[in-house]
2 protein chains.
Amino acid sequence: MGPNSLADERDRGFIIPIGGGEDRLKEMQIHRRFVELSGGENADIVVIPTASMLDKTGPDYNRIFSNLGAGKVEFLPISRRSDCENPEYSKMLDNATGIFITGGNQLRLSAILGGTFVATKIMQRNAEGVPVAGTSAGASIMSEHMVTGGQGNEPPAEGAVTLAPGIGLINTVIIDQHFTQRNRLGRLLTASSFNPSLIGLGIDEDTAAFIGPDNVLEVVGSGTVTMVDASRITHSSIWAAKPGEALSLLGLRLDILGEGCRYDLNTRIGFPPEDHLLVSTLPAPLS
Amino acid sequence: MGPNSLADERDRGFIIPIGGGEDRLKEMQIHRRFVELSGGENADIVVIPTASMLDKTGPDYNRIFSNLGAGKVEFLPISRRSDCENPEYSKMLDNATGIFITGGNQLRLSAILGGTFVATKIMQRNAEGVPVAGTSAGASIMSEHMVTGGQGNEPPAEGAVTLAPGIGLINTVIIDQHFTQRNRLGRLLTASSFNPSLIGLGIDEDTAAFIGPDNVLEVVGSGTVTMVDASRITHSSIWAAKPGEALSLLGLRLDILGEGCRYDLNTRIGFPPEDHLLVSTLPAPLS
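No experiment lies behind these values; they were computed from the predicted model shown.

> Before we go on, may I ask you to explain the interface of chain B and chain A in this structure?
One frequently used descriptor of interface size is the decrease in accessible area upon assembly of the parts. Contact residues are listed per partner, giving 40 residues for chain B and 39 residues for chain A. Along the contact surface separating chain B from chain A lie zero salt bridges. Across the contact surface, chain B and chain A share ten residue pairs in polar contact (both at pLDDT 80 or more). Tallied by class, the residues present in the side of chain B that touches chain A amount to 21 nonpolar, 14 polar and five charged. In this sheet, strand β14 (residues 249-257) of chain B lies alongside strand β14 (residues 249-257) of chain A in antiparallel orientation, the contact comprising five bridges. In the strand pairing of β14 of chain B, L249 of chain A is matched with I256 of chain B.

Structure (structure tokens):
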């Protein structure tokens with residue numbers, strides 16, 4: 001059975017990790033889609049620029065979303081934990097129809113927002129149907145287990161990745177960004193090897209995964225989204241590897257999703273664009 | 001059933017693609033293993049430095065293999081097609097117990113050796129049991145379908161890779177080298193998408209795949225060998241992709257092999273080091 005389309009009835013809101021650099025996209029497809037999901041001219045979008053150290057980040061996104069027809073856009077100038085106690089911000093989040101988390105440093109984001117009502121509100125509002133998008137660091141922090149470090153250009157290896165608790169909008173995936181451009185497959189595979197029950201979600205720049213309430217994601221953008229499913233590996237050397245040693249991981253499943261492709265996080269099956277019929281007549285991939 | 005060990009009776013000789021930069025390996029494990037397979041103190045190794053433009057490449061490998069105890073080492077100073085007609089070289093190859101193809105430019109290699117008796121002799125001698133090793137460009141040219149170009153750091157995409165005919169010691173794989181270090185998964189996936197019957201073989205620097213006569217390969221070195229099996233993909237967009245467009249490839253199998261791991265090219269199953277028993281009790285990966 002093919003996944004539902006993005007138009008279907010909503011329960012929790014969309015979760016939209018973006019791989020960074022999305023502003024380079026012609027016609028800003030990703031931002032436009034987010035604005036539409038947030039209500040278009042009736043949208044009340046709240047931007048959280050905390051990951052960034054730049055004062056211009058908040059205003060920049062206000063301009064971007066306004067230009068795309070968002071009815072209302074504001075940002076929360078949160079740069080320290082005490083800022084999170086501002087009751088004004090609480091009201092703004094209560095009224096938000098869309099929440100956007102900018103890029104920067106994901107540890108700054110988790111260290112400042114973690115355990116505050118702002119983080120709680122983001123979870124609540126998303127559970128109530130509000131779409132939450134985040135780019136780069138803002139994408140990483142969405143997952144329960146957040147990638148915080150690890151070199152690119154390296155094979156999977158002991159010590160190749162570091163994790164920290166994210167805000168946990170989604171706990172079935174580990175999200176990585178700038179994925180192909182920074183050659184991060186090795187660190188995502190390492191993260192997947194820790195506990196193969198989690199799906200690795202590697203998002204390229206200028207690309208986003210729109211994760212619907214039905215846990216089916218759809219790809220929008222010029223790059224790819226790489227799904228790493230380690231749940232059926234027959235061998236992993238992670239528990240026995242020496243410091244820095246390259247890992248062996250046998251029996252991985254990989255789906256490379258270009259624009260329009262969908263992936264069902266429940267069944268771990270990828271679907272080509274607009275191709276329910278073909279797929280529904282095929283066996284599940286690799287089974 | 002687990003694969004045979006490298007010690008088993010020989011039919012054709014080992015085919016040994018190396019990912020480049022192997023001389024950085026402590027104790028030169030890969031070169032030592034090649035010298036042993038070639039007969040050790042009774043070895044008569046012929047080096048083909050044609051891919052390189054450097055005069056020192058031949059003498060350098062003479063020194064390397066001599067220092068590792070090879071009884072005899074010579075190189076063929078072939079830098080143009082007419083050199084290939086030298087009957088002296090024919091005799092040298094007839095007596096060789098090991099053949100080593102250096103790095104450099106694989107198109108230079110195929111353009112100079114292609115269709116000459118030197119290329120034919122390499123095939124013949126390997127069929128008779130002589131191990132043939134090649135590093136970097138020397139590894140690429142071993143496969144029937146040789147990767148000649150394509151940017152790293154890019155997702156799989158239309159036009160992301162260029163192929164040319166190699167010398168064809170092996171026709172079931174497409175070999176790529178400097179694999180993780182130059183982020184070449186995208187171009188190897190693109191190559192695999194052309195015809196999913198071929199297995200993508202991505203070899204890291206300082207790493208080699210020792211492909212035995214039984215078509216079981218074993219990994220030696222400090223990096224990994226990535227096996228891309230596209231034979232069970234449920235969707236590929238390659239035939240419909242616009243110029244430069246990122247590809248969708250659904251249902252790929254990936255095995256990341258660290259040192260000591262083996263992979264059976266016939267069954268497309270990976271095996272952990274020294275672990276026939278465990279594996280033989282498991283279902284085939286992903287089936």
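> Explain the packing of helix α1 (residues 29-37) of chain A against helix α2 (residues 57-67) of chain A to me, please; I cannot follow it from the model alone.
All names here are of chain A. Contact geometry for α1 and α2: axes closest at 9 Å, N-to-C directions at 75°. Judged by the angle between their axes, α1 and α2 are roughly perpendicular. Within the contact between the two elements, α1 uses H31, F34 and V35 and α2 uses Y61, I64 and F65. Of the residues contributing to the contact of α1 with α2, the split by class is five nonpolar, one polar and no charged.

> Hey, could you run me through the packing of aromatic side chains in this one?
Each aromatic ring pair is specified by the distance between its two centres and by the angle formed by the two planes. All told, the structure shown has ten aromatic pairs over all chains when counted by the stated rule. When the centroid spacing of 5.1 Å and the interplanar angle of 65° are considered together, the rings of F65 of chain B and F100 of chain B count as edge-to-face. With a gap of 35 residues between them, F65 of chain B in helix α2 (residues 57-67) and F100 of chain B in strand β4 (residues 98-101) connect regions that are remote in the sequence. Classification of F65 of chain B by relative accessible area gives buried; the value is 0%. Overall, the relative accessible area of 0% leaves F100 of chain B in the buried class. Chaining the aromatic ring pairs together yields one cluster made of F34, Y61, F65 and F100 of chain A. The ring of F210 of chain A carries the charged tip of R33 of chain A above its face, separated from the ring centre by 5.2 Å.

> I would appreciate a short explanation of the pairing of strand β11 (residues 216-221) of chain A in the present structure.
Put simply, side chains in a regular strand alternate between the two faces of the sheet. All names here are of chain A. Within β11, six of the six residues are buried, which leaves the element mostly enclosed by the surrounding structure. Burial along β11 is two-sided: the residues V216, E218 and V220 and L217, V219 and G221 are all buried. Relative to β11, strand β10 (residues 207-211) runs antiparallel, the two being bridged by five bridges. From the neighbouring strand, F210 faces β11, where its bridge partner is E218.

> Any chance you could explain empty space enclosed by the protein here in plain terms?
Under the criterion given, the structure shown has two cavities of 30 Å³ or more. Of the pockets and cavities examined, the largest cavity occupies roughly 260 Å³. Taken together, 26 residues form the lining of the largest cavity, with N183, L185 and G186 of chain A together with N183 and L185 of chain B sitting closest to its centre. Looking at the lining of the largest cavity, the elements that each hand over two or more residues are α7 (185-194) of chain A together with α7 (185-194) of chain B.

Conventions we followed
Residues numbered from 1 in each chain as written. Chains lettered and ligands numbered in written order. Predicted model: local features only at pLDDT ≥ 70, side-chain atom pairs only at ≥ 80, totals over all residues. Heavy atoms only, no water. Contact = heavy atoms within 4.5 Å. Salt bridge = Lys/Arg side-chain N within 4 Å of Asp/Glu carboxyl O. Polar contact = N/O pair within 3.5 Å; in protein donor to acceptor, adjacent residues only side chain to side chain. Nonpolar A, V, L, I, M, F, W, Y, C, P; charged D, E, K, R; others polar. Pairing = 2+ DSSP bridges. Helix = DSSP H or I, 4+ residues; strand = E, 2+ residues; numbered from the N terminus. Axes fitted to C-alpha atoms, helices over the stretch in contact; angles between N-to-C directions. Parallel < 35°, antiparallel > 145°, perpendicular 65-115°, else oblique. Phe/Tyr/Trp six-rings, centres within 6.5 Å; stacked < 30°, edge-to-face > 60°. Buried < 20%, exposed > 50% of the residue type's maximum accessible area, 1.4 Å probe, protein only. Lys NZ or Arg CZ within 6 Å of the ring centre and 35° of its normal. 1 Å grid on protein atoms, 1.4 Å probe; cavity = no way out; pocket = protein on both sides within 12 Å on 5 of 7 lines; lining within 4 Å. Points joined across faces, edges and corners; volume = space filled by probe spheres on them.

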